[in-house]
Amino acid sequence: MKGTFLYIIITAFFCFCTSSCTKDFETINVNPNVVSDVDVRLLLTSSLVPMQTSRGGEYWNEGFTHFLSACQLVTGQSYAVATTAVNGRYNLFYTSVLPNLVEIRRLIALKADKERFAQINAITYIPQVMMALKVSDMNGSIPYTEANQGRDNARYNPKYDNQESLFNLWLKELSDAIATLQKQSADQVNLGNNDVFYGGDVTKWIKLANSLKLRIAARYQNQDPAKATQIFKEVMADATGPLSAVSDQLVHSNPAYYPFGVDGYNIDIYSRHFAVGSAVEFLKSSDDPRLGIYYDKNSLTGSYKDTLAKYSKVLPSWVKANDPNIMYQGGPADFQSNPTVSTYFVNPFNGGGSNRYQLISTVNRKFFAPTVDRGSGTVVDVLFSYAEVCLQIAEFIQKGYGTGINTKGTAAEWYNKGIRASSKTMNDIATAAGSTSYANIDERIEAHLANPIVKFDGKADLEKIYIQSLLNFYREPNEAFTLARRTGYPKFNSTLLARETVSDVLPRRWWTTDPGQVNHANWAAAMTEQGFTPNDFTISKLNSERIWFDKKSPDYGKGN
């Protein structure tokens, strides 16, 4: 009864917390009276599904408002707004992802035929690392090695593992999982449809694990490039390797999933989200087929020219009247920096009579929220893309990390494969959503690749890789934000995609609050070790006091 009472109290406490609350939810106890003889495959489903269904909240609290704005792909409002709603990933990991994965392994260890569950046991570490990395990306040190031990070990004060040690541990967990899965042991229990990502396909899980190792390697670069090189070489030498085709991507589609509400209108929470002018102009000048997929057309379509002529109206000077893509326009990254243009975020252009024209494009809302405006499309989420792998490999080769190994292609070849994969994947997502998509996508891709500011030709090739990676992460804001932090791109004064100056100070991490007496000491030690000011959540501190992988990174816009 004592254990049950503790469980009820802690669960009730959680219900009163906001999504940014960061108490140590790994300490939630499990009722010892519940039936524990369950199908472990069902527990995996319960861990995987929240990794997708939490994404809507992440978009409106973090993705649009902070991450894509910091990357200058989306603009909408000041960074001073909505900071209290962030960091839901922390709670999600400790309440919905980690507990079931740990419980799977505990139950397998008790089985008389546990050898038949070796592959399932190994697979559990892969989504665990994927989600834990996402948490650490914004919080730095987190409880991990001692997390979720309340039930079995009565440990309610887990230590906070620092990010460097976590990276090393996660690489080992992924390598161990790969080794087990590659053994191809006989008589293994298959996950089947309980694996909502890969349907029990062990080879694809191996590829995902290797791809996650590349994702971790990218975060090592400013702290330990030799380690990043080592990881890259290990992955490329692996018999299975990383994701090797679009068909390997980590995809989840659920017709009953509405990330922005049943009617889709939560996509406009806080404010409408608009295109940034520099991003739109780059997409237009590079013949990028993702332009119409990422951003909505403005009102300058149809017979608008006749209407303007009738009423002797002239468009503002910042809109080029002869632009063949005039229906796509972006605004300043900072509302306050250019009021002549930013006034059109909320005020339509007076075209005479009763005619009003919205000049600045919004994000393509149906691309993210298929049911908005009475749409009936389906959400398809790609949680790990083949394009990411291709462009990451291209980056590593371009930096010389592949010397002495078979990289299975040149940097240019991987770069081109990445662009093709990204454009096709985004077009497929748009098609499923009932949004803007193109039947001639292959033709459009080839025109894009041949464009001088895209072509891999020895001129600013590394920057081109960064830009294409950034554009590919339009639906993966966490990764876009990590890229912007670790590289300093988009950079100021670029001749390709230049960063605009903004008046706001931009955060580079989130925070964890004091968990209270039970684990205050461990939390305080972690804050001190990282150089954080405890309980100071001001934007200036979130910018200057950085997590481990980010400590040696260039400032925003100051990439080399």
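Fair warning: this is a prediction, and the values are worked out from it, not measured in the lab.

**Looking at the nonpolar core**
Nonpolar side chains in soluble globular proteins tend to end up buried together. The biggest cluster of nonpolar side chains holds 90 residues, and the ones touching the most others in it are Phe 93, Ile 126, Trp 170, Trp 205 and Ile 216. Ranked by residue count, the leading element in this core is helix H9 (residues 202–220), at 11 residues. Not counting residues up to four positions away in its chain, the partners in contact with Ile 126 are Leu 174, Ala 177, Leu 181, Trp 205, Leu 208, Ala 209 and Leu 212. Among the nonpolar cores identified, the runner-up in size contains 43 residues, and Tyr 328, Phe 367, Ile 429 and Leu 497 belong to it.

**Some remarks on the side chain of Ser 69**
Checked against the element boundaries, Ser 69 lands in helix H3 (residues 55–70). What makes Ser 69 buried here is its relative accessible area of 13%. There is a polar contact of 3.2 Å between the side chain of Ser 69 and the backbone oxygen of Val 74.

**Considering the pattern of salt bridges**
Per the counting criterion, the structure on display carries 34 salt bridges. The shortest N-O distance in the salt bridge between Arg 219 and Asp 137 comes to 2.8 Å. Of this pair, Arg 219 sits in helix H9 while Asp 137 sits in helix H6 (residues 125–139), and the two are 82 residues apart along the sequence. When sorted by exposure, Arg 219 lands in the same class as Asp 137, which is buried. For Asp 248, the salt bridge identified is with Lys 207, shortest N-O distance 3.0 Å. Of the two residues, Asp 248 sits in the loop between helix H10 (225–237) and strand S4 (250–253) while Lys 207 sits in helix H9, which places them 41 residues apart along the sequence. There is no split in this pair, since Asp 248 and Lys 207 are both buried.

**A few points about the pairing of strand S8 (residues 380–384)**
Of all five residues in S8, five are buried, a share of seventy percent or more. In this structure, S4 lies alongside S8, joined through four bridges in antiparallel fashion. The residue of S8 that forms the bridge with Leu 250 is Phe 384.

**Some remarks on the environment of Ala 147**
With respect to the helices and strands, the residue Ala 147 is situated in the loop between strand S2 (142–143) and helix H7 (150–153). Residues Ala 147 and Asn 325, spaced 178 residues apart in sequence, show a C-alpha to C-alpha distance of 53 Å.

**Structural notes on the packing of helix H17 (residues 411–433) against helix H19 (residues 461–472)**
At their nearest, the axes of H17 and H19 sit 10 Å apart, and the two run at 20° to each other. When the interaxial angle is binned, H17 and H19 end up roughly parallel. Considering the relative orientation of H17 and H19, their crossing is left-handed. Along its contact with H17, which presents Tyr 415, Ile 419, Ser 422 and Met 426, the element H19 presents Lys 464, Ile 465, Gln 468 and Asn 472. Counted by class, the contact of H17 with H19 contains four nonpolar, three polar and one charged residues.

**What about the confidence of the model for the protein chain?**
For the protein chain, per-residue confidence averages 91 on the pLDDT scale, and residues scoring 70 or more make up 92% of the total. Below pLDDT 50 for its whole length, residues 1–30 participates in 63 contacts with residues either more than four positions away or in separate chains.

**A look at the environment of Ala 433**
With respect to the helices and strands, Ala 433 occurs in helix H17. We classify Ala 433 as buried; its relative accessible area is 2%. A sequence separation of 33 residues divides Ala 433 from Gly 400, and the C-alpha atoms of the two residues are 40 Å apart. Residue contacts for Ala 433: discarding those within four places in its chain leaves Lys 366, Phe 367, Pro 370, Gly 377 and Thr 378.

**Topic: unusual backbone geometry**
The step from Tyr 489 to Pro 490 runs through a cis peptide bond, and the omega angle for that step is 0°. Tracing the backbone through its elements, the reader meets Pro 490 in the loop between helix H20 (477–487) and helix H21 (520–530). Of note in this structure, Asp 373 is not a glycine but carries a positive phi near 55°. Locating Asp 373 in the fold gives a position in the loop between helix H15 (365–368) and S8. The exposure class assigned to Asp 373 is partly exposed, which follows from its relative accessible area of 43%. The backbone phi angle of Asn 493 is positive, close to 65°, even though this residue is not glycine. Take Asn 493: it is sitting in the loop between H20 and H21. A relative accessible area of 73% places Asn 493 in the exposed class.

**Thoughts on the packing of aromatic side chains**
Under the counting rule described, the total for this entry stands at 31 aromatic pairs. When the ring of Tyr 198 is compared with that of Trp 205, the centres are 5.3 Å apart and the planes differ by 90°; the resulting orientation is edge-to-face. Exposure class is identical for Tyr 198 and Trp 205. Each is buried. With a centroid separation of 4.0 Å and an interplanar angle of 20°, the aromatic rings of Tyr 294 and Tyr 474 are classed as stacked. Highlighted residues: Tyr 294 in helix H12 (residues 291–294) and Tyr 474 in the loop between H19 and H20, separated in sequence by 180 residues. Classification of Tyr 474 by relative accessible area gives buried; the value is 1%. These aromatic residues form a ring-pair network of at least three members: Tyr 59, Trp 60, Phe 64, Phe 260, Tyr 294, Tyr 295, Phe 367, Phe 368 and Tyr 474. The ring of Trp 414 carries Lys 417 above its face, with NZ or CZ at 3.6 Å from the centroid. Over the aromatic face of Tyr 556 sits the side chain of Arg 508, whose NZ or CZ is 4.6 Å from the ring centroid.

Calculation notes
- Residues numbered from 1 in each chain as written.
- Predicted model: local features only at pLDDT ≥ 70, side-chain atom pairs only at ≥ 80, totals over all residues.
- Heavy atoms only, no water.
- Core = buried A, V, L, I, M, F, W, Y, C linked by side-chain atoms within 4.5 Å.
- Buried < 20%, exposed > 50% of the residue type's maximum accessible area, 1.4 Å probe, protein only.
- Helix = DSSP H or I, 4+ residues; strand = E, 2+ residues; numbered from the N terminus.
- Contact = heavy atoms within 4.5 Å.
- Polar contact = N/O pair within 3.5 Å; in protein donor to acceptor, adjacent residues only side chain to side chain.
- Salt bridge = Lys/Arg side-chain N within 4 Å of Asp/Glu carboxyl O.
- Pairing = 2+ DSSP bridges.
- Axes fitted to C-alpha atoms, helices over the stretch in contact; angles between N-to-C directions.
- Parallel < 35°, antiparallel > 145°, perpendicular 65-115°, else oblique.
- Left-handed = near helix turned anticlockwise from the far one by under 90°.
- Nonpolar A, V, L, I, M, F, W, Y, C, P; charged D, E, K, R; others polar.
- pLDDT = per-residue confidence, 0-100.
- Phe/Tyr/Trp six-rings, centres within 6.5 Å; stacked < 30°, edge-to-face > 60°.
- Lys NZ or Arg CZ within 6 Å of the ring centre and 35° of its normal.

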